[in-house]
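Below are the chains, spelled out letter by letter.
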Amino acid sequence: AKASVAIAALPSTEELKNSIIKHLHGSLGTDVNKASPQAWWRATCAAVNEYVYDGLRNTQRTHYLQNTRAVHYFSLEYLMGRLFSNNLHNIGVYDAAKVALAELGLNIADLEDQEEDMALGNGGLGRLAACFIDSMATLNFPAIGYGIHYEHGLFKQEFSDGRQIERPDSWREYGNPWEICRPESIQEISVYGYVETTYDLQGKMKKVWHPGRIIKGVPWDIPVVGYQGSSVNVLRLWESRASDFFNWDVFNSGGYIDAARQNIEAETISKVLYPNDETDAGKELRLIQQYFFCSCSLKDIIRRYKRANGDDWSKFPQQVAIQLNDTHPAVAIPELMRILVDRADMGWDDAWNICQHVFAYTNHTLLPEALEKWSVRLFEKVLPRHLEIIYEINRRFLVEQVDVLWPGDNDKKRKLSIIEESHEPMVRMGHLSVVGSFRVNGVAQIHSELVKSDLFPEMVALWPDKFTNVTNGVTPRRWLKACNPRLAKLLDETIGDEWPRDLKQLEKFAAFADDPAIQDAFMAIKQQNKADLATVVKKLTNISIDPHAIFDVQIKRLHEYKRQHLNLLHILALYRRILQNPDYDMVPRVFLFGAKAAPGYKLAKEIIYAINKVAEKINNDKRVKNRLKVVFMPNYRVTLAEKMIPAADVSEQISTAGKEASGTGNMKLALNGAITVGTLDGANIEIAEEVGPDNISIFGLTVDEVKALQAKGYHSWDYYYQDTEIKAILDWLETDYFTPGKPGELSAIKRSLLEGGDPYLVLADFQSYVKAQEKVESWYRDQSGWAKKAILNTALMGKFTSDRSIEDYVERVWKLDACKISQD
Ligand code: 26V
């Protein structure tokens, strides 16, 4: 048996074939002659799971026997996508399975298409969590991901006459072969009710929370398979259920029907993922979701700790680190305090000392509308005891920390208080997270600096060593090896096959950047990937695109700060130039968008509509002669990203400087050889450092210039009156040119850029953006020069593997040891 590999022996093609048929008969109850693709897919998953479960048992036993310190990743979101090809690749049986299935007369790609995306996240934050658990398993770090087992993930997007329609996502309507229900580990949690103050025989005050509701949390475990079968960790997702129906005191609480209604309410907690990204709605159900999964997870951690260490709490911070993925799980801090003080009878100081050595907090955004606040009134209703505990945390913080550094300074107290004293008093979850954590990090160098300078400067004065940076990363297993098999093969052949677990190896590929044979091979692969994508585009949108055009891709949530409308203005500028000059010389370009808008975000939906209407016009205008095509792909999600990214020539990363915390799509696209057109924002800055100025097209105001411009007063109207191209384009959008018979239908964009004051400086960056695009075009005209730049982008992305991010977390935050897994 190979040491440090959780999965012992891998199956041969023949063994896999037999196992698939065995499961087709024994688990699916069907037969080779009548099995549906769905049944074949399930049988194959079951066959693969035999090896996954081997690795899982070996990993869990080893961690238990060695009583390892572990990190517990707390996240409201995990954007996993599909698991089939990922698990096959990571176990190392993808090729064997492909052959086995072919011998059974099946195409592995058709089976992959049977799986629904597991879309339990909105965007960057959720996908980052998914990449991180992949890396933690690959690097053999003891780690558990905790989250919510949503019945409905992120909505499915359709377009109706160019407008976004949301449809429910029922990803596990017919079950999910990758998850295991663990009723033996159910937890119970409480909400609502009131707090009673009592005194014991010694006269010591004791708070007793009498809950209004009790809810069951049922855990579902999803094995997380490390690359080449290293560790198999778990993602544990909680589903809410009514606590035992017959225990309800139905006669006192209003009767049978009322009890049934309460049961239904309990089960709504894990029903649906909130689809807002970057806007805090402050809804009661969302707070209950946060508390539900934090409480279940903490109790699960404590049960495991006690099994190994008994009732002695002193080693708890040695054994347990908890990473808060944004402030969404911050209620875990007062919950652990409650468990320690109220239930374990620990003194406040000892309990607080434990908390402050357990929690660490990652900030993912600076946008004010995304900073979570809960009204004190709501908190008191849902979690009355936790509100008291937060008050006490705050009181001690203000007296023992703030007043010591700034004696008598009430302004500082007002600014730093966890409670915002406004008309409606609010609990500031960011403040609570910083005060309760031993480390706080941003997700790219510049973002971490801004967290310190703009968000929490006084907290830095109090605790300078608390703040650090961990630049994001992406897993090269999913985002290169699995999604771009042609490029993966070329890399294997030229630099060896170690790069998926040691991405710095890609640097060796830079030596081939000038090699004509490698350039040709690289460009041929891009061409094939583009042809594949063109087929997908045709099927999904009925739009024909030419694989020889530049494929220019912007894929990310729709948000003003990400500036999809800046991209649109550039498209309109090109279209206008073509109409003004029928012979306008340009390299044909296909603009591809993928984006979902939050259902309540009006302007974002108007931008989608405008892009779709402009696309319709341009794509059907003979005068364009195929120099321009615009495609808005419906229902952008992980699985579509996997098809678009390998086919991209140009990557649009055009957020207003200072607004995109990091970005991770930027990394995936560059890794697959796309050239970035980008601002000096988030991780773009670090990408530019890695690839060098010849291999990226940077434009726009810097963070400092943005701040200076806004301080002196930005007047978007000036750009409108002084730039005839801007004026013509914005006026054009107001006519009925793109919406025949309905003038004004696309006027929302112009209104926001002028009357609305252009909060994201679209007009200020416009001409600089146009020039950056012209530079990219001139680069593309030299195909060999382009090949070199594209190769160098792939070769120089080594820094952006999520393995490096995780090693940074381990060194700067978690202080974990890797654990080699032994087999039974
Ligand atoms: C906020 C809210 C507010 C309440 C409703 C639900 C909800 C869901 C998510 C969020 C915050 C999302 C923050 C986020 O996704 N940030 C992104 O994080 C990425 C990973 O660090 C980073 O690459 C992106 O730049 C950043 O926008």
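Below, the discussion takes up the sheet that holds strand E21 (residues 589-594). Strand order in the open sheet formed by six strands is E22-E21-E20-E23-E24-E25, with parallel pairing between adjacent strands. The open sheet is flanked by strand E22 (628-633) and strand E25 (697-698), the only strands paired with a single partner. Running over the sheet, helix H21 (residues 564-580) touches strand E20 (550-555), E21, E22 and strand E23 (650-653) and is turned about 155° from E22.

We note that Asp 326 has phi near 70°; this positive angle belongs to a residue other than glycine. Inspection of the secondary structure assignment puts Asp 326 in the loop between strand E13 (320-325) and helix H10 (332-343). By the C-beta count within 10 Å, which is 23 here, Asp 326 ends up buried. Non-glycine residue Lys 815 carries a positive phi angle of around 50°. Inspection of the secondary structure puts Lys 815 in the segment after helix H32 (802-814).

Let's shift gears to the pairing of strand E12 (residues 232-242). When a strand is regular, its side chains alternate between the sheet's two faces. The element E12 is largely enclosed, with a buried count of nine among its eleven residues. Bridge count between strand E4 (residues 143-148) and E12: five bridges; the pairing is parallel. Bridged to Gly 145 within E12 is Leu 235. Pairing of strand E11 (residues 213-225) with E12 involves eleven bridges; the strand directions are antiparallel.

Let's shift gears to the pairing of strand E1 (residues 70-74). Extensive coverage of E1 is indicated by the burial of five of its five residues. The sheet contact formed by E1 and E4 spans four bridges and is parallel. Looking at E4, one finds that Val 71 is bridged to Ala 143.

The next point concerns the environment of Pro 740. For Pro 740, the location among the structural elements is in the loop between helix H28 (724-734) and helix H29 (747-753). Distance in space between the C-alpha atoms of Pro 740 and Phe 456 is 51 Å, their sequence separation being 284 residues.

Looking at the assigned domains, one finds that the protein contains domain 1 (1-66 + 83-116), domain 2 (67-82 + 117-472 + 808-814) and domain 3 (476-701 + 761-794). With 39 residues of domain 2 at the contact, the number on the domain 3 side is 30 residues. At the level of elements, strand E2 (78-81), helix H6 (124-138), strand E5 (156-160), strand E6 (163-167) and helix H16 (445-455) are the ones that each hand at least two residues to the side of domain 2 that touches domain 3. At five residues, H6 tops the list of elements feeding residues into the side of domain 2 that touches domain 3. Considered class by class, the residues forming the side of domain 2 that touches domain 3 number twelve nonpolar, 17 polar and ten charged.

What follows covers the site of the ligand. Contacts to the ligand come from 24 residues, most closely from Gly 124, Leu 125, His 364, Ala 661 and Ser 662. Both domain 2 (67-82 + 117-472 + 808-814) and domain 3 (476-701 + 761-794) contribute no fewer than three residues apiece to the shell around the ligand.

Spatially, the three strands line up as an open sheet ordered E15-E17-E16, and their pairing is antiparallel. The outermost strands of the open sheet, each flanked by one partner alone, are strand E15 (373-375) and strand E16 (419-420). Relative to strand E17 (residues 426-428), E15 is paired through three bridges, and the arrangement is antiparallel. Residue pairing in the sheet places Ser 375 in a bridge with Met 426 of E17.

Packing of helix H2 (residues 37-66) against helix H3 (residues 84-91) brings their axes to within 11 Å, and their N-to-C directions diverge by 40°. Between H2 and H3, the angle falls in the class oblique. Handedness of the H2/H3 crossing: left-handed. Between H2, through Cys 45, Val 48, Tyr 51 and Val 52, and H3, the contact on the second element is made entirely by Phe 84, Asn 87, Leu 88 and Ile 91. Here the residues of the contact of H2 with H3 are counted per class, giving seven nonpolar, one polar and no charged.

This part takes up the nonpolar core. Counting 243 residues, the largest nonpolar core has Ile 133, Ala 332, Ile 611, Val 614 and Val 631 as its most contacted members. The contacts of Ile 611, once residues within four sequence positions are left out, are Gln 564, Leu 568, Phe 593, Val 630 and Phe 632.

What counts, and where the lines are drawn
Residues numbered from 1 in each chain as written. Predicted model: local features only at pLDDT ≥ 70, side-chain atom pairs only at ≥ 80, totals over all residues. Pairing = 2+ DSSP bridges. Helix = DSSP H or I, 4+ residues; strand = E, 2+ residues; numbered from the N terminus. Contact = placed C-beta atoms within 7 Å. Axes fitted to C-alpha atoms, helices over the stretch in contact; angles between N-to-C directions. Buried ≥ 20, exposed ≤ 12 C-beta atoms within 10 Å, placed from the backbone. Domains from an automatic or database assignment. Nonpolar A, V, L, I, M, F, W, Y, C, P; charged D, E, K, R; others polar. Near = placed C-beta within 6 Å. Parallel < 35°, antiparallel > 145°, perpendicular 65-115°, else oblique. Left-handed = near helix turned anticlockwise from the far one by under 90°. Core = buried A, V, L, I, M, F, W, Y, C linked by C-beta atoms within 7 Å.

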